[in-house]
Amino acid sequence: MPAPLSVVVAAADTGLGGAAPACLSDPTTLCAKVYELSGVGWLATNAEALIEKPARILLVVVVAFVVRALLHRAIRRLTDRTATGSMPTILRPWRNRVRAADPDGVETIAQRRTQRAEAIGSVLRSIASFVVMGIAVVLVLGELGVNLAPIIASAGVVGVALGFGAQNLVKDFIAGIGIILEDQYGVGDVVDLGEASGTVEAVGLRITRVRDVNGVVWYARNGEILRVGNKSQGYAQVVIDMPVAHDTDLERCRRVMQEVADALYAEEDWAGVLLAEPESLGVELITAEGVTMRVQVRTTNADQWRVGRELRMRLKERFAVEGIRTPPPLVSAANGATASGAR
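About the thresholds
Residues numbered from 1 in each chain as written. Predicted model: local features only at pLDDT ≥ 70, side-chain atom pairs only at ≥ 80, totals over all residues. Heavy atoms only, no water. UniProt positions renumbered as here; feature names shortened; annotations may be inferred. Helix = DSSP H or I, 4+ residues; strand = E, 2+ residues; numbered from the N terminus. Buried < 20%, exposed > 50% of the residue type's maximum accessible area, 1.4 Å probe, protein only. Areas by Shrake-Rupley, 256 points an atom, 1.4 Å probe, with all protein chains shown as cover. Salt bridge = Lys/Arg side-chain N within 4 Å of Asp/Glu carboxyl O. Pairing = 2+ DSSP bridges. Axes fitted to C-alpha atoms, helices over the stretch in contact; angles between N-to-C directions. Parallel < 35°, antiparallel > 145°, perpendicular 65-115°, else oblique. Left-handed = near helix turned anticlockwise from the far one by under 90°. Contact = heavy atoms within 4.5 Å. Nonpolar A, V, L, I, M, F, W, Y, C, P; charged D, E, K, R; others polar. Core = buried A, V, L, I, M, F, W, Y, C linked by side-chain atoms within 4.5 Å. Polar contact = N/O pair within 3.5 Å; in protein donor to acceptor, adjacent residues only side chain to side chain. 1 Å grid on protein atoms, 1.4 Å probe; cavity = no way out; pocket = protein on both sides within 12 Å on 5 of 7 lines; lining within 4 Å. Points joined across faces, edges and corners; volume = space filled by probe spheres on them.

The name given to the protein in an unreviewed UniProt entry is Small conductance mechanosensitive channel, and the organism recorded there is Geodermatophilus aquaeductus. Turning to the protein, the UniProt annotation filed under Sequence similarities (unreviewed entry) states: "Belongs to the MscS (TC 1.A.23) family." In its Subcellular location (unreviewed entry) section, UniProt records this for the protein: "Cell membrane".

This is the structure we're talking about:
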C-alpha cells in the first residue's frame, strides 16, 4: 500500500527521495500521484513527458490498429457475402445478364461477382488503411508537439503538384473502379474497345488486358476507354445476310431461309444453344449488285460464332440445292471491259 502524500513529502524533506516537486500543492495532478507512488522527484517532475505522452501515443496506435482491423473484417464479410450469398445493392448489376437457357450462366455470374467483390474489397481496404493510419500519424505528431500547420500546408502543395502530374493515373483508377462496379465486362468476355477487340484476360484498376484473334495482347488504360461493346453479356443475336441475284423469287428464298433456320432450331444438339425461334426477315438491302436477304437467331453469347458458321454453311448448301443464285461478280465484267479496251 503506497505511503500517504504527507509521509512522502516528509521523506523528501529528509533527502530520501530527492527534492520535492512544486506540483505537490495540487494532489490531483499526475505529477503528485507519481510522486506519491514512487517518491522520486525527477520522475514526478517529468511525468508528463515520460508517462503521459507515451501512454497517449500508445493508445492512439492501438486504437488505430483496432479500428483498421475491424474495418478490414467488415469489408471482408461484405465481399464474402457478395461472392457467395445475396448480392448487396452497391454491387448489383444494373440488369440481369444471365438467361435461364444458358447452362453456364449461373457459374459465370458467380465468377464475375467474385472477381468484382475481390477487387472492390482490395480498394476499400486500402482506402480504410490510408485514412485510419493518416489520422493516427497526425494525432501522434500532435502529441509530440510538432507544429502541424507547415506540414499540412506542404502536403497541400505536394498534393496539388501530384494531382496535376498524376491526373491521368487518378483518372485510370477512378474509371477502373467504375468498370468493376458497373460490371461493364469481365475476364473471358469478348469486347470491342475501339482500337482493340478480343477476349478480356485481366481487368485491373488501371489497365485492361485484351488478346485479339491473332494472339496479340493489348493493354488499354481504363481512363482512355470511352465506349465498350460487350459481345458476351446476356444473349447474342446472330444476324446472317445472304446476297441473291435480282431475278430470284424473294418470297421463296425467304421461306427457304426460314426452313433452314427452323431445322437447326429443332435439332436436339442445338436446343440448349438457340434461345428463341429464328426469324427470316426477308429483304434487307437492294443494290446494283443484287438483293440481300436476312435471317436472325438468338443464341447464347458463348456459342454465337459456332451457330453463325453452322447456319451459313447450311444456307449455302440449301441454296445450291434449290438453285438460288448469288449475284454475279462485277470484277469479271470490269476485267473484260478492260481487256476489250486494250485490244
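Let's pick the thread back up.
Colleague: What's the story with the overall build of the protein in this structure? I'm lost.
Modeller: When its secondary structure is counted, the protein shows 10 helices and eight strands. Within the span of the protein, comprising 343 residues, buried residues form 31% of the whole. Total accessible area on the protein stands at roughly 20,800 Å², and carbon and sulfur atoms take up 61% of it.

Colleague: For this particular structure, what's the right way to read the pattern of salt bridges?
Modeller: Charged atoms that come close allow side chains of opposite charge to pair. Counted under the stated rule, the structure contains 16 salt bridges. Here aspartate 192 and arginine 227 are joined by a salt bridge, their closest N and O atoms 3.7 Å apart. Of this pair, aspartate 192 sits in strand 1 (residues 190–192) while arginine 227 sits in the loop between strand 4 (217–221) and strand 5 (229–230), and the two are 35 residues apart along the sequence. Residues glutamate 284 and arginine 294 are paired through a salt bridge, measuring 3.5 Å at the closest nitrogen-oxygen approach. With glutamate 284 in strand 7 (residues 279–286) and arginine 294 in strand 8 (residues 291–300), the pair connects residues that are 10 residues apart, well separated along the chain. Residue class for glutamate 284 comes out partly exposed when judged on its relative accessible area of 38%.

Colleague: Even after reading the chapter, I still don't get the sheet that holds strand 7, so can you show me in this structure?
Modeller: Neighbouring strands of a sheet are bound in pairs by backbone hydrogen bonds; such pairs are parallel or else antiparallel. Strands sit in the order 6-8-7 across an open sheet of three strands; the sheet is antiparallel. A single partner strand is all that each edge strand has here, and the edge strands are strand 6 (235–244) and strand 7. Looking at each pair of strands side by side, their axes are set apart by 30° on average, direction ignored. Relative to strand 8, strand 6 runs antiparallel, the two being bridged by 10 bridges.

Colleague: What should I look at first to understand the environment of alanine 196 in this one?
Modeller: Along the chain, alanine 196 turns up in the loop between strand 1 and strand 2 (197–203). A sequence separation of 22 residues divides alanine 196 from tryptophan 218, and the C-alpha atoms of the two residues are 6.6 Å apart.

Colleague: Could you clarify how one ought to interpret the packing of helix 8 (residues 250–266) against helix 9 (residues 304–322) in this entry?
Modeller: Two quantities define a packed helix pair, namely the angle between the axes and the distance from one axis to the other. As a packed pair, helix 8 and helix 9 sit with axes 10 Å apart at the nearest point and diverge in direction by 135°. If you check the angle between helix 8 and helix 9, you find them oblique. Seen along the crossing, helix 8 lies across helix 9 with a hand that is right-handed. For the pair formed by helix 8 and helix 9, the contact residues are Arg252, Cys253, Val256, Met257, Glu259, Val260, Ala261, Ala263 and Leu264 on the first element and Val307, Glu310, Leu311, Arg314, Leu315, Arg318, Phe319 and Glu322 on the second. Class assignment for the residues of the contact of helix 8 with helix 9 results in 11 nonpolar, no polar and six charged.

Colleague: Which parts of the structure should I look at to understand the nonpolar core?
Modeller: Grouped burial of nonpolar side chains is what soluble globular proteins tend to show. Ranked by size, the top nonpolar core spans 22 residues in total, and within it Met257, Leu311, Leu315 and Phe319 carry the most contacts. Apart from the residues lying within four places of it in its own chain, the contact partners of methionine 257 are Met242, Ser280, Met293, Arg294, Val295, Leu315 and Phe319. Among the nonpolar cores identified, the runner-up in size contains eight residues, and Ile179, Tyr185, Leu193 and Val200 belong to it.

Colleague: Explanation requested: the side chain of aspartate 172 in the structure shown.
Modeller: Within the fold, aspartate 172 resides in helix 7 (residues 167–182). Classification of aspartate 172 by relative accessible area gives buried; the value is 2%. There is a polar contact of 3.0 Å between the side chain of aspartate 172 and the side chain of arginine 221. Ignoring anything within four residues of it in the chain, the contact list for aspartate 172 reads Leu205, Arg206, Arg221, Asn222, Gly223 and Glu224.

Colleague: In this structure, what is going on with empty space enclosed by the protein? I would like to understand it.
Modeller: Summary: where empty space remains is shown by rolling a probe the size of a single water molecule over the atoms. Using the criterion set out here, one finds one cavity of 30 Å³ or more in the structure. There is about 30 Å³ of room inside the largest cavity. If you go around the largest cavity, the residues you meet are Ala119, Ile120, Val123, Ile177, Ile180, Leu181 and Leu205. Grouping the constituent residues of the lining of the largest cavity by class yields seven nonpolar, no polar and no charged.

Colleague: Would you mind showing me how to read the sheet that holds strand 5 here?
Modeller: A sheet is described by the order of its strands in space; here five strands give the open sequence 4-3-2-1-5, paired in antiparallel fashion. Looking at the sheet topology across the chains shown, the edges are occupied by strand 4 and strand 5. The sheet contact formed by strand 1 and strand 2 spans three bridges and is antiparallel. Bridge pairing in strand 2 places aspartate 192 opposite serine 197.

Colleague: What should I look at first to understand the pairing of strand 7 in this one?
Modeller: Two strands pair when backbone bridges link them, and strand 7 and strand 8 are joined in this way by six bridges, in the antiparallel orientation. Among the inter-strand pairings, serine 280 is bridged to a residue of strand 8, identified as valine 295.

Colleague: What is the right way to read the side chain of glutamine 258 from this model?
Modeller: With respect to the secondary-structure elements, glutamine 258 resides in helix 8. Glutamine 258 gets classed as buried once you look at its relative accessible area, which sits at 18%. When sequence neighbours within four positions are dropped, the list of residues in contact with glutamine 258 reads Pro278, Glu279 and Ser280.

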